[in-house]
Amino acid sequence: MIFTRCDPERDLETIKEIERREYPADEAASDAALEFRAREANEFFMVAKATTEDDAAPGDIIGYVCGTLLPSDELTAESMRPGAHVVGGSTLAIHSVCVRRHLQRRGHGSTLVREYAHNWVFNAHGGGATSGVRSIRLLCKPARTAFYLRAGFVLVGPSRVVHGADAWNECVITETTARDDRS
Ligand SMILES: CC(C)(COP(=O)(O)OP(=O)(O)OC[C@H]1O[C@@H](n2cnc3c(N)ncnc32)[C@H](O)[C@@H]1OP(=O)(O)O)[C@@H](O)C(=O)NCCC(=O)NCCS
């Protein structure tokens, strides 16, 4: 797998299809939200593409992670809405973590989340994010929480944000906990 910034012209139509297929309808980001995130928060839109070792044609999209910056250290319904992105914010909200269905349950999702938090955002290498992000927050279903904890996130607790039909947990990883987790 290689990790690249989303190229809106080349990648976005496929990503919109994957998002629609993989998320329940009441949770999937709209096409407009994905467009906004890919263009306005491009450095935080990481796409994983297949290399020859992966079970996909080289260059095919395996999955992606995207996020936008928040005005404060708090995940609110307002900060999660499609057009929210505050340039210079020090907290990043992750909106989508997605792997193509036929490639799931092989460890790709865990690799994506780890790469995104530990290297793409906090290490800012290889064309990744370069801003001063200090923490990354996300909402996940209770059943998916262990997946993020294994990637170094910490459970904050149940979120007050309502999004779709289910309840959500909030998880966070800070620059410091990511560094400790690496060492
Ligand atoms: C969530 C998602 C990104 C996970 O992607 P993935 O590639 O399947 O992730 P992984 O393979 O790393 O881990 C998924 C599970 O497979 C297990 N797994 C990993 N490698 C495995 C293998 N070789 N064989 C069997 N199981 C394996 C992991 O232990 C994990 O178990 P868990 O569900 O109990 O946590 C993917 O299911 C997805 O795109 N879902 C739709 C979008 C979504 O809901 N995103 C998350 C929003 S919170």
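Anything mentioned here points back to the structure above.
Not measured: the values here are computed from a predicted model.

1. Looking at the packing of aromatic side chains
Part 1: Taken as a whole and judged by the stated rule, the model has three aromatic pairs.
Part 2: Aromatic pair F147 and Y148: ring centres 5.0 Å apart, planes at 85 degrees, arrangement edge-to-face. Side by side, F147 and Y148 carry an identical accessibility label, which is buried.
Part 3: Through a chain of ring-to-ring contacts, three or more aromatic side chains come together here, namely F147, Y148 and F153.
Part 4: For the cation-ring pair, R144 lies above F147, with the distance from its terminal atom to the ring centre recorded as 5.0 Å.

2. Things to note about the site of the ligand
Part 1: Taken together, 18 residues form the shell around the ligand, and within it V97, R105, G107, G109 and S110 come nearest.
Part 2: In this structure, R106 approaches the ligand through a main-chain N or O atom, which is 3.1 Å from an oxygen atom.
Part 3: At 3.2 Å from an oxygen atom of the ligand is found a side-chain nitrogen or oxygen belonging to R144.
Part 4: For the ligand, the protein covers 70% of the area, taking 940 Å² as the surface of the free molecule.
Part 5: Comparing atom positions with the cavity grids shows the ligand to sit within the largest pocket.
Part 6: The set of elements that each furnish at least two residues to the shell around the ligand consists of strand 4 (91-99), helix 3 (108-121), strand 5 (135-140) and helix 4 (145-150).
Part 7: Grouping the amino acids of the shell around the ligand by side-chain chemistry returns eight nonpolar, five polar and five charged.

3. A closer look at the environment of F122
Part 1: Within the secondary structure, F122 is located in the loop between helix 3 and strand 5.
Part 2: With 25 residues separating them along the chain, F122 and F147 place their C-alpha atoms 20 Å apart.
Part 3: Residues in contact with F122, not counting those within four places in the same chain, are A117, V133, R134, S135, I136, I173, T174, E175 and A178.

Each value, and the rule that gives it
- Residues numbered from 1 in each chain as written.
- Predicted model: local features only at pLDDT ≥ 70, side-chain atom pairs only at ≥ 80, totals over all residues.
- Heavy atoms only, no water.
- Phe/Tyr/Trp six-rings, centres within 6.5 Å; stacked < 30°, edge-to-face > 60°.
- Buried < 20%, exposed > 50% of the residue type's maximum accessible area, 1.4 Å probe, protein only.
- Lys NZ or Arg CZ within 6 Å of the ring centre and 35° of its normal.
- Near = heavy atom within 4 Å.
- Polar contact = N/O pair within 3.5 Å; in protein donor to acceptor, adjacent residues only side chain to side chain.
- Areas by Shrake-Rupley, 256 points an atom, 1.4 Å probe, with all protein chains shown as cover.
- 1 Å grid on protein atoms, 1.4 Å probe; cavity = no way out; pocket = protein on both sides within 12 Å on 5 of 7 lines; lining within 4 Å.
- Sits in = over half its atoms within 2 Å of the grid points.
- Helix = DSSP H or I, 4+ residues; strand = E, 2+ residues; numbered from the N terminus.
- Nonpolar A, V, L, I, M, F, W, Y, C, P; charged D, E, K, R; others polar.
- Contact = heavy atoms within 4.5 Å.

So far we have only geometry, and geometry alone does not tell us how the molecule works.
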